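Close look at the chain arrangement
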Amino acid sequence: MKIIPFVLSAICTVGLVIVLNSQLKTGSGKTPRLGYFLSPQHGFWQNAESVHKNYNDDIKLEGLAGKVEVYLDDRLVPHIYADEDNDAYYVQGYLHAKFRLWQMEFQTHVAGGRLSEIVGEDRVSTDQYFRRLGMVYGAERSEAFVAANHPEMKTAIDAYAKGVNAYIKSLKPEEIPFEYKLLNYKPEAWTAHKTYLFQMFMAYDLTGRSAATDLRMTNARNYFGYNDFDKLYTNAQDSLDPIIPRGTGFAPPTLTPKTPLDIDSAYLHKKNLISTAIAPIIPNKGNGSNNWVVAGTKTASGRPILCNDPHLGLNLPSLWYEVQISTPTHQTYGASFPGSPAVIIGFNDSIAWGVTNAGRDVLDFYDMKFRDSTLQEYWYNGAWVKAGQRIERIKVKGKPDQVERIALTVFGPVMYDHQYKNTSSGGKILAIKWTAHDSSSSFPTIYQLNHANNYNDYLNAISLWKSPGQNFAFASKTGDIAIKQQSNFIARWQRQGDFIMPGIDSSYAWQSYIPTEENPMIKNPERGFVSSANQKVTDETYPYYLGAANNFPVYRGVIINRKLAAMQQIQPIHMQQLQMYNHNVFAEMAIPVLLKQVDNTKLNPDEMKYMGMLKNWNLMNDYHENGATVFNEIWDSLEAVVWSDEFANAKMPLEWPEENTLLESMLRDSNCIFVDDIRTQNKKETLADAVLAAIRKATPVLLKAEQSSQLNWGAFKDTKVSHLLKIPALSRLHLPIGGSEHAINATTQIHGPSWRMVVQMTDQIEAYGVYPGGQSGHPGSKYYDDFVNYWAEGKYYRLLFLNLKDAPTHKRIKWLISFTKA
């Protein structure tokens, strides 16, 4: 009978082995392989790092040409010293992988439409979207372009990839980053293609909203009719303070785009209506930034100061990784992208540069006519044209592969067709044309900026930048300051590309790009500063169409220019304070017109209380301000009151009008036509009625916030920096920081300044910076999120920009990693 306990024990043992080596289904997904994940030898326990971890090391790498020394400072920032550029990029790749490997690979899996390989069929729709958007297609074209036209950049990217792979090869099972163990997969070899995929990921993050807004704007045009559409989505911005100051003269254009003859009927649809598509994924509307440069005439040192704070998603690990790269050709410091070589935003020993998003439309949809459902031929310029085809194979964890057959047209890949299910296009087939698909790349610009010595080098470098549109701010030790908006911008006729365009002939095709020399720029202006905050680059006198106004926020630019114009004897500390400035100029303009419409006799005690808070508010979106929350809720409620009746019967996604559209119409005329509620037949509502309704709609929300001790703006906004997998335990929640989308400190709940930098171009450069994260991407490291508190408090680190001779003995240098040829 002893055999029975033995058999039962064996069965239990085998069952336990199977269970511990399988992913078990849960309500929200699957567990990791518990045996591996919980293993004391190889599991997640091994990812904890001692707070006293020693990073000193001697590493031999195959392929290095010479010796490379890396000094790590007290914030774990590497200072790389190499005898040649490619060795420096090789080691940069190694260090990115050492501290950010999972993040690098995960982001390129997203861009490449490969999430389903990791997490299963729940992400197939995301993968379909990115494959059909042409992310892989664009990366392939960029890679081929660089190989053919920029050999120095190709060798840099190849060297970087070798460094990443050298680290991956050295990884022991217990050292594999935590997230791989959690999701039950392993790192794969890094390729140069992944770096180009990351380039596409950033292009999408900064311009991909057009893939949604073009569709929604088309829906709105069809729903309202063009005449009402043009009032709701006006391109006029009364409050605009453009990047290039008003009154600047522009040379006559060398190009005059030809407007199609059938624009009224075939495009603006003043005579007929159709249904259009929806987009399942939309980048954050707030993806923008601030940058400015003050000339030496306005600073205490007599030298320029450059400032930049790009506004992107707040994530852990952070998008950025600080680095210094020093070789005989250049010495550069700044923020780099894990996944890409060189410094993206920063400075060297001669110049500094910073970027903001231009907001210009560089992506359009075309309505195609195919002969049949095989999508092999489409009608173009009076003939059937043979379509190309891409086969995109989506691997799905635990399921058969999904194959996407994507037709290629003269415009670009077909994104929406009868096979792609995430659309309500009513049978329409839509091809996409996007400058990110062009044979070009952003990397040559970055490479040359890292090596630039003066204004001419800066101009030559940014002339190579083709997509996405950016405002490049510049400062030099010699005293020059400048800003130029640069990309391949389409020479458009009015409203071209704001809606889906007919694709049956070349009438609506892009006719040309605006010559680089005609892109707006300004150098050494009399006012003593340049700035940008994603607003329109020029006033209406610029001869080319800039695109729909919903891409251009107004108010941060107004307050930045107001403050800079008034400042003198500026020091870096003043610029740090300005980056954290929370004055809400939108509220400054809106509150007087709101209060003018309020009849206090109609308010109950709670409503009176909140209106009192609004009247006494100091217009600062500081953390502890209650008035900021009151204004936010009343204004949001007013928008809902004014627009809800017009939008109530829409059966399709629509883009709501911009905040400045409602505010400026109120400032011009209290009888603006959309205030009346069209659902009430026997009454014509006034602006006063709408404001009263908004106060009554907002009051219960404010009462609830007050009762839960969340009426102060910071608690109500509730800023957080989330892990990329949205795991609360690996995120930083409830951060004590103010700000708003209309303040210079444009911090919202999940979005905001992702890197703050202030650089004074003195002989010995004085630079400061901070980002909401840490240098290590490993949650078990003390360097994972150690910058977050400083960032939230508005504090800055002095950036160490060291010569090699000073690095070994500097008091802030803690470790040395020596790399030599194997």
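To keep things clear, this report deals only with the structure shown in the data block. Since the structure is predicted, the reported quantities are computational estimates derived from the model, not experimental observations.

1. Focus: the pairing of strand β13 (residues 363-368)
For a regular strand, side chains alternate in direction, first toward one face of the sheet and then toward the other. Of all six residues in β13, five are buried; the element is thus mostly enclosed. As judged from the six bridges shared by β13 and strand β19 (residues 429-434), these two strands associate in the antiparallel manner. Of the residues in β19, the one forming a bridge with Asp367 is Leu430. When β13 meets strand β22 (residues 501-502), the two strands line up parallel, connected through two bridges. Counted as the bridge partner of Tyr366 is Met501 from β22.

2. Overview of the sheet that holds strand β18 (residues 414-416)
Strand order in this open sheet of four strands is β18-β19-β13-β22, and the pairing throughout is mixed. Both edges of this open sheet fall to β18 and β22, since each of them pairs with a single strand only. Seen against the sheet, helix α5 (residues 124-133) touches β18 and β19 and runs at an angle of roughly 145° to β18.

3. Some words on the side chain of Asp677
Tracing the backbone through its elements, the reader meets Asp677 in the loop between α20 (659-668) and α21 (687-707). If we ignore the near neighbours within four places in the chain, the residues touching Asp677 are Asp645 and Glu685.

4. Focus on the pattern of salt bridges
Going through the model one piece at a time under the given rule, you end up with 33 salt bridges. The salt bridge partner of Arg495 is Asp498, with a shortest N-O separation of 3.1 Å. For the pair shown, Arg495 and Asp498 are each scored as buried. Salt bridges here are not isolated pairs; linked through shared partners, they connect Glu105, Arg114, Glu117, Glu188 and Lys194.

5. A look at the environment of Ser818
Following the sequence through the fold, Ser818 ends up in strand β31 (residues 813-821). Take Ser818: its relative accessible area is 8%, and that puts it in the buried class. Residues Ser818 and Val68 lie 750 residues apart in sequence; the distance between their C-alpha atoms is 6.1 Å.

6. Focus: the nonpolar core
In globular proteins that are soluble, nonpolar side chains generally tend to be buried together. The biggest cluster of nonpolar side chains holds 245 residues, and the ones touching the most others in it are Met575 and Phe819. Per-element tally for this core: the top contributor is helix α3 (residues 85-111), with 14 residues. Not counting residues within four places of it along the chain, the set of residues in contact with Met575 comprises Trp292, Val294, Ile305, Cys307, Leu564, Met567, Ile570 and Val758.

7. Some remarks on helix α9 (residues 192-207)
An ideal rise of 1.5 Å per residue puts 22 Å on 16 residues; α9 measures up with 23 Å between its terminal C-alpha atoms. With 15 of its 16 residues buried, α9 lies for the most part within the structure.

8. Digging into the packing of helix α19 (residues 626-647) against α21
Between α19 and α21, the least distance of the axes is 8 Å, while the angle of their chain directions is 130°. Overall, the two elements α19 and α21 adopt an arrangement that is oblique. In this structure, α19 meets α21 at a crossing whose hand is right-handed. The residues of α21 that touch α19, namely those facing Thr629, Val630, Glu633, Ile634, Ser637, Leu638, Ala640, Val641 and Val642, are Ala690, Val691, Ala693, Ala694, Ile695, Lys697, Ala698, Val701 and Leu702.

Conventions and cut-offs
Residues numbered from 1 in each chain as written. Predicted model: local features only at pLDDT ≥ 70, side-chain atom pairs only at ≥ 80, totals over all residues. Heavy atoms only, no water. Buried < 20%, exposed > 50% of the residue type's maximum accessible area, 1.4 Å probe, protein only. Helix = DSSP H or I, 4+ residues; strand = E, 2+ residues; numbered from the N terminus. Pairing = 2+ DSSP bridges. Contact = heavy atoms within 4.5 Å. Axes fitted to C-alpha atoms, helices over the stretch in contact; angles between N-to-C directions. Salt bridge = Lys/Arg side-chain N within 4 Å of Asp/Glu carboxyl O. Core = buried A, V, L, I, M, F, W, Y, C linked by side-chain atoms within 4.5 Å. Expected span 1.5 Å × (residues − 1). Parallel < 35°, antiparallel > 145°, perpendicular 65-115°, else oblique. Left-handed = near helix turned anticlockwise from the far one by under 90°.

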